[in-house]
Amino acid sequence: MDGGASILKFVQMQQCKMNDKPTFDREQVVPPIQLFDNLYFVGNPEVGCFIFKTSEGLIMVDSCFAHNVETILLPGMRELGLDPADVKYMLVTHTGPDHIGGAYYFQKHYGTRIVVCENQWKRCPSPEENEARIRRAQEPDFQYNPFDMRSLIWPNQDMVGRDGDVITLGDTQIQIVKTERMVGGGGLSYLATVYDHGTPHVWCTYGNTNVVGNLEDMALYRDNVQRFKEYVERLGADVVISSHPFVDESVKTMEQLRARKEGEPNPFVFGKERVARFFDILDLSAAVIAMRRELDLNEAGSGPYVPGVMDFINGSINPNAGK
Ligand SMILES: [Zn+2]
């Protein structure tokens with residue numbers, strides 16, 4: 001089976017919760033990598049961020065956890081010859097601590113403009129509360145828990161990313177699409193042109209792949225995936241990469257890219273048909289999980305349903321949960 005086909009199979013297993021978790025090793029080092037002429041990835045197997053190089057500076061998509069900034073993001077960017085101080089915009093898929101964690105650092109040190117969807121900015125703590133969190137984090141007995149939303153340090157409230165907006169920096173435009181996975185949850189996904197040795201392709205990333213919440217949430221998830229797929233087809237996306245490498249096994253694809261020989265295709269170019277199929281898989285997997293939920297089965301369909309931690313983390317606490 002060729003790479004693209006096995007990736008789709010992996011995503012299907014992952015989305016239908018058939019893969020045993022965890023499917024990644026947090027300690028594994030993923031060398032920072034240039035994926036396309038104008039697109040880079042820095043992260044680990046758990047989560048990473050995309051960095052666009054434009055004619056007028058850098059645009060980041062997501063920022064990993066706060067604790068990844070000094071250990072992975074900054075050294076990785078420098079290794080790639082990218083100056084963190086050049087990051088003009090950071091486009092956040094959603095305000096889970098694994099995506100917005102580094103935003104405070106970039107805003108504070110480099111004046112990076114932070115783009116978040118409207119209803120997720122509403123979860124931003126007050127400036128006083130944020131200051132209190134910053135002070136608490138400096139206390140000697142502070143116990144850092146990356147998943148504790150009450151200690152997450154936010155950037156100051158900044159730009160709102162709206163459905164259909166386009167962010168332009170120099171020669172680069174990034175299309176924003178609102179993709180909520182839970183009712184009232186918010187979330188943004190992105191598409192942009194990338195170049196492989198000068199040949200244009202259309203890259204996309206989907207901000208909220210994991211299926212969580214109740215049946216109403218899952219119906220919304222499916223609607224949003226379908227709507228994003230319309231953008232994918234209209235803009236002709238032929239590259240799709242998750243900011244969570246464990247979702248689409250992209251660490252393996254990165255290894256293939258590093259081993260690529262002159263004249264060989266870029267393994268991240270799946271082709272339009274497979275990218276469309278990727279979104280069908282997200283949609284149909286959500287349908288499968290919804291059917292399991294209707295039967296009071298767990299996500300994997302292997303036993304009775306028990307509310308899990310994924311129902312409550314990633315900043316997606318559903319006001320309707322339990323109803
Ligand atoms: Zn995440």
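Owing to the predicted nature of the structure, the values given are computational and were not obtained by experimental measurement. (Residues numbered from 1 in each chain as written. Predicted model: local features only at pLDDT ≥ 70, side-chain atom pairs only at ≥ 80, totals over all residues. Heavy atoms only, no water.)

Engineer: Any details on the coordination of the zinc ion? Residues and values, ideally.
Structural biologist: Ideal coordination angles are 109.5 degrees for a metal with four donors arranged tetrahedrally and 90 or 180 degrees for a metal with six donors arranged octahedrally. Taken together, the protein ligands of the zinc ion are Asp-98 (OD), His-99 (NE2) and His-244 (NE2), with distances of 2.1 to 2.2 Å. Donor residues for the zinc ion, ordered by position in the chain, follow D-H-x144-H. (Donors = N, O, S within 2.8 Å, 3.2 Å for Na, K, Ca; no water.)

Engineer: Would you mind going over the pairing of strand E8 (residues 166–169) in detail, with residue names and values included?
Structural biologist: Burial of E8 is one-sided: the residues Ile-167 and Leu-169 facing one way are buried, the residues Val-166 and Thr-168 facing the other way are not. In terms of strand pairing, E8 meets strand E9 (residues 172–178) through 4 bridges, oriented antiparallel. Bridge assignment links Val-166 to a residue of E9, and that residue is Gln-175. Hairpin connection between E8 and E9: a loop of 2 residues separates the two successive antiparallel strands, and Gly-170 in this loop has a positive phi of roughly 55 degrees. (Buried < 20%, exposed > 50% of the residue type's maximum accessible area, 1.4 Å probe, protein only. Helix = DSSP H or I, 4+ residues; strand = E, 2+ residues; numbered from the N terminus. Pairing = 2+ DSSP bridges.)

Engineer: Any details on the packing of helix H2 (residues 68–79) against helix H4 (residues 103–110)? Residues and values, ideally.
Structural biologist: Here H2 crosses H4 at 55 degrees, and the two axes come no closer than 11 Å. As summarised for this structure, H2 and H4 are arranged oblique, according to the angle between their axes. Helix-helix and strand crossings are classified by hand; for H2 and H4 the assignment is right-handed. Contacts between H2 and H4 pair Val-69, Glu-70, Leu-73, Leu-74, Met-77 and Arg-78 from the former with Tyr-105, Phe-106 and Tyr-110 from the latter. (Axes fitted to C-alpha atoms, helices over the stretch in contact; angles between N-to-C directions. Parallel < 35°, antiparallel > 145°, perpendicular 65-115°, else oblique. Left-handed = near helix turned anticlockwise from the far one by under 90°. Contact = heavy atoms within 4.5 Å.)

Engineer: Can you break down the pattern of salt bridges residue by residue, with the values?
Structural biologist: Inspection of the entire model under this criterion finds 12 salt bridges. Among the salt bridges present, the one from Asp-163 reaches Arg-227, with a minimum N-O distance of 3.2 Å. Of this pair, Asp-163 sits in the loop between strand E7 (159–161) and E8 while Arg-227 sits in helix H7 (residues 215–235), and the two are 64 residues apart along the sequence. For Asp-163, a relative accessible area of 36% gives the class partly exposed. Its relative accessible area of 27% is what places Arg-227 among the partly exposed residues. (Salt bridge = Lys/Arg side-chain N within 4 Å of Asp/Glu carboxyl O.)

Engineer: Give me the sheet that holds E9: which residues, what numbers.
Structural biologist: With respect to topology, 5 strands assemble into an open sheet ordered E8-E9-E10-E11-E12, the strand pairing being mixed. With partners counted over all chains shown, the strands left at the sheet margins are E8 and strand E12 (239–240), one partner each. Alignment of strand E10 (residues 188–196) against strand E11 (residues 199–205), held across 7 bridges, turns out to be antiparallel. Across the sheet, the residue bridging to Ala-192 is Trp-203, located in E11. Packed onto the sheet, H7 meets E9, E10 and E11 and runs at close to 155 degrees relative to E9.

Engineer: Got a sec to walk through H4? Specific residues and values, please.
Structural biologist: Given 3.6 residues per helical turn, the α-helix brings residues three or four places apart onto the same face. Those residues of H4 that sit buried are Ala-103, Tyr-105, Phe-106 and Gln-107. Structurally, H4 contributes buried residues whose contacts are with strand E4 (57–61), H2, strand E5 (87–91), helix H3 (97–100) and strand E6 (113–117). Directly beyond the C-terminal end of H4, a positive phi value near 65 degrees is found at Gly-111.

Engineer: Talk me through helix H9 (residues 250–258); I want residue IDs and the actual numbers.
Structural biologist: Among the residues of H9, Ser-250, Val-251, Thr-253, Met-254 and Leu-257 are the ones counted as buried. Looking down the long axis of H9, one finds its buried residues gathered within 160 degrees of arc, a one-sided arrangement. (Arc of directions from axis to C-beta.)

Engineer: Describe unusual backbone geometry, and please don't skip the residues or the numbers.
Structural biologist: Backbone geometry at Asp-62 places phi at a positive 75 degrees, although glycine is not the residue there. On the secondary structure map, Asp-62 appears in the loop between E4 and H2. A relative accessible area of 0% means that Asp-62 is categorised as buried. A positive phi is found at Glu-249, a non-glycine position, where the angle reads about 55 degrees. Here Glu-249 shows up in the loop between helix H8 (245–248) and H9.

Engineer: Account for the sheet that holds E6, naming residues and giving values.
Structural biologist: Pairing is mixed in the open sheet, where 7 strands are placed in the order E1-E2-E3-E4-E5-E6-E7. Each edge of the open sheet is held by one strand with a lone partner, namely strand E1 (33–36) and E7. Taking the axes of each pair of neighbouring strands and ignoring which way they run, one obtains an average angle of 25 degrees across the sheet. Sheet topology places E6 next to E7; 3 bridges connect them, and they run parallel. If you follow Val-116 over to E7, its bridge partner there is Val-160. Of the strands in this sheet, strand E2 (39–43), strand E3 (48–54), E4 and E5 are in contact with H2, which crosses E2 at around 145 degrees. Sitting on the sheet, H9 touches E1 and E2, and the angle it makes with E1 is about 85 degrees.

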